[in-house]
Amino acid sequence: MDVKREIAKKIDNLPPDLQAQALRFVSSLSTSAPVGENGATLRQFSSFLDPLSGHQMIQAIEEECERVEAGE
């Protein structure tokens, strides 16, 4: 199966407004995710929190925060 051909066939059968929507979607897939700081840069801040506070922050984030996916 050739994925590109299958996609092209399906898009050819769509009305123009849905073709434009498909193009916007495909374009959004190619955008690169934002780049953050690497661990070595952040290591300088590692002694600011005691282990208990750090654990509590991690737990609160995991329980209360939603996940955001790149491209959404």
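The shown structure was predicted, so the numbers you read here are calculated from the model rather than taken from an experiment.

A.B. asks: Summarise the overall build of the chain; cite the residues concerned and give the values.
C.D. replies: Summing up its helical and strand segments, the chain has four helices and zero strands in all. Reading the chain from its N terminus to its C terminus gives the helix and strand order α-α-α-α. Its C-alpha atoms give the chain a radius of gyration of 21 Å, more than 25% over the compact-globule value 11 Å for 72 residues. Taken along the three principal axes of its C-alpha coordinates, the chain extends 60 × 25 × 25 Å. Looking at the 72 residues of the chain, the share that counts as buried comes to 3%. By element, 58% of the accessible surface of the chain is carried by carbon and sulfur atoms, the whole surface being about 7000 Å².

A.B. asks: So what's going on with the pattern of salt bridges? Which residues, and what values?
C.D. replies: Under the defined criterion, the tally for this structure stands at two salt bridges. In this structure, the salt-bridge partner of Arg5 is Asp2, at a minimum N-O distance of 3.4 Å.

A.B. asks: Can you lay out a nonpolar patch on the surface for me, pointing to particular residues and giving the numbers?
C.D. replies: Taken together, the side chains of Leu42, Phe45, Phe48, Leu49, Met57 and Ile61 make up a nonpolar region of the molecular surface, amounting to roughly 620 Å² of accessible area. In this structure, Met57 sits in helix α4 (residues 51-64).

A.B. asks: I'd like a rundown of the packing of aromatic side chains, residues and numbers included.
C.D. replies: Applying the stated criterion to the full structure yields one aromatic pair. With a centroid separation of 5.7 Å and 65° between ring planes, the pair formed by Phe45 and Phe48 is classed as edge-to-face. The exposure class of Phe48 is exposed, given its relative accessible area of 62%.

A.B. asks: Report on the confidence of the model for the chain, specifying residues and quantitative values.
C.D. replies: The predicted model of the chain has a mean per-residue pLDDT of 85, with 90% of residues at 70 or higher. The element-level mean pLDDT for the chain is lowest in helix α3 (residues 39-42), coming to 83, with helix α1 (residues 3-12) highest at 93.

Definitions and cut-offs
- Per chain, residues are indexed from 1 in the order of the written sequence.
- Only residues with pLDDT of at least 70 are given local features in this predicted model, and only at 80 or more are side-chain atom pairs given and counted; all residues enter the totals for whole chains, interfaces and linings.
- In computing side-chain values, all of the structure's heavy atoms are included and hydrogens and water are not.
- Labels follow the DSSP assignment, with helices taken as runs of H or I lasting at least four residues and strands as runs of E lasting at least two, numbered in each case from the N terminus.
- We compute the radius of gyration from the C-alpha atoms alone; for a globule the expected value is 2.2 Å times N to the 0.38, where N is the number of residues.
- For every residue, the accessible area obtained with a 1.4 Å probe (protein chains only) is divided by the maximum for its type, and the residue is called buried under 20%, exposed over 50%, and partly exposed between those limits.
- Accessible areas in this description were obtained via Shrake-Rupley with a 1.4 Å probe; residue shielding takes into account the shown protein chains only.
- What makes a salt bridge here is a side-chain nitrogen of Lys or Arg within 4 Å of a carboxyl oxygen of Asp or Glu, nothing more.
- Grouping into patches uses exposed residues only, defined as over 30% relative accessible area, and leaves out salt-bridged ones; the cut-off is 9 Å for like charges and 5 Å for nonpolar side chains (Val, Leu, Ile, Met, Phe, Trp, Tyr).
- When two rings of Phe, Tyr or Trp (its six-membered ring) have centres within 6.5 Å they constitute a pair, described as stacked for plane angles under 30 degrees, edge-to-face for angles over 60, and tilted for the intermediate range.
- Every residue carries a pLDDT, the predictor's confidence in it, which falls somewhere between 0 and 100.

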